[in-house]
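Understanding the architecture of this molecule
Residues per chain, in single letters:
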Amino acid sequence: MLQLSLYHIFTFHNSLHALYQTFSLLFRESRILFRSSIINEKAQQHKEKTLDMLMEEQQRIEKLNALARKVPYYNSILNAKADLQKTTVARFNDFYQEGSLGLADFQHGTKRMHFFPDEKIFSDVRFRLGVALREAGVAQSSYARAVVKEMIPREPERTILLDLP
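On a predicted model such as this, the values are computed, not experimentally measured, just so you know. (Residues numbered from 1 in each chain as written. Predicted model: local features only at pLDDT ≥ 70, side-chain atom pairs only at ≥ 80, totals over all residues. Heavy atoms only, no water.)

Considerations on the overall build of the protein chain
The secondary structure content of the protein chain amounts to seven helices and zero strands. Counting from the amino terminus, helix and strand elements in the protein chain follow one another as α-α-α-α-α-α-α. Accessible surface, the protein chain as shown: approximately 16,700 Å² in total, 60% of it carbon and sulfur. (Helix = DSSP H or I, 4+ residues; strand = E, 2+ residues; numbered from the N terminus. Areas by Shrake-Rupley, 256 points an atom, 1.4 Å probe, with all protein chains shown as cover.)

Quick look at the structure:
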């Protein structure tokens, strides 16, 4: 019969534990090496991808430059200066040009008016009050606010009355 003392069992257990720790450490080291190799591969792929993109961009720029050199007026476009005094077509069309009818073309209905005439603007009481207050120099005062409030009352708010049962 095999007799094992507590000492033998304890030492066997410790040696097994030490063996387990050694294998565990080796396994962890192998996993660390494996993960670091994957990280290094990804970094290498990223570098290669970046270099490929830079090469493609460089080739694209070279093609564009070659195409630009083929354009006959390329240098004149590069050396063009802005002439701020020159009247452009948009600015030329911005002014009213009298046609054969002059202002009568508005009266005959060939063109539409998109503004209020002076008579209509000056006939408005609120406009005339504002002009008078500005001419008196009191347009921003509390007196002007009181006058406007008294002369031009706010419209009462519309409320909807519901007949609820």
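Digging into the confidence of the model for the protein chain
Averaged over all residues, the pLDDT of the protein chain is 77; the fraction at 70 or higher stands at 68%. Within the protein chain, no element has a lower average pLDDT than helix α4 (residues 104-107), which sits at 55, and none a higher one than helix α1 (residues 6-70), at 88. (pLDDT = per-residue confidence, 0-100.)

A few points about the pattern of salt bridges
Per the stated rule, a full pass over the model turns up one salt bridge. Among the salt bridges present, the one from E57 reaches R60, with a minimum N-O distance of 2.7 Å. Here the residue E57 and the residue R60 both occupy positions in helix α1, the gap between them amounting to three residues, near one helical turn. Note on E57: relative accessible area 34%, which makes it partly exposed. (Salt bridge = Lys/Arg side-chain N within 4 Å of Asp/Glu carboxyl O. Buried < 20%, exposed > 50% of the residue type's maximum accessible area, 1.4 Å probe, protein only.)

Some words on a nonpolar patch on the surface
Taken together, F12, L16, L19, F23 and L26 make up a surface patch of nonpolar side chains, about 520 Å² in accessible area. For F12, the position within the fold is in helix α1. (Patch = residues over 30% accessible without salt bridge, like charges linked within 9 Å, V, L, I, M, F, W, Y side chains within 5 Å.)

Focus on helix α6 (residues 125-136)
Along its 12 residues, α6 runs 16 Å from first to last C-alpha, staying within 8% of the 16 Å computed at 1.5 Å per residue. Residues of α6 that are buried: L129, G130 and L133. What you see down the axis of α6 is that its buried residues fit within an arc of 100°, all on one side. Just downstream of α6, G137 is the residue with a positive phi angle, here 85°. (Expected span 1.5 Å × (residues − 1). Arc of directions from axis to C-beta.)

Side note on the environment of Y143
Within the secondary structure layout, Y143 lies in helix α7 (residues 142-151). Remark: the alpha-carbon pair of Y143 and L133, spanning 10 residues in sequence, is separated by 9.7 Å.

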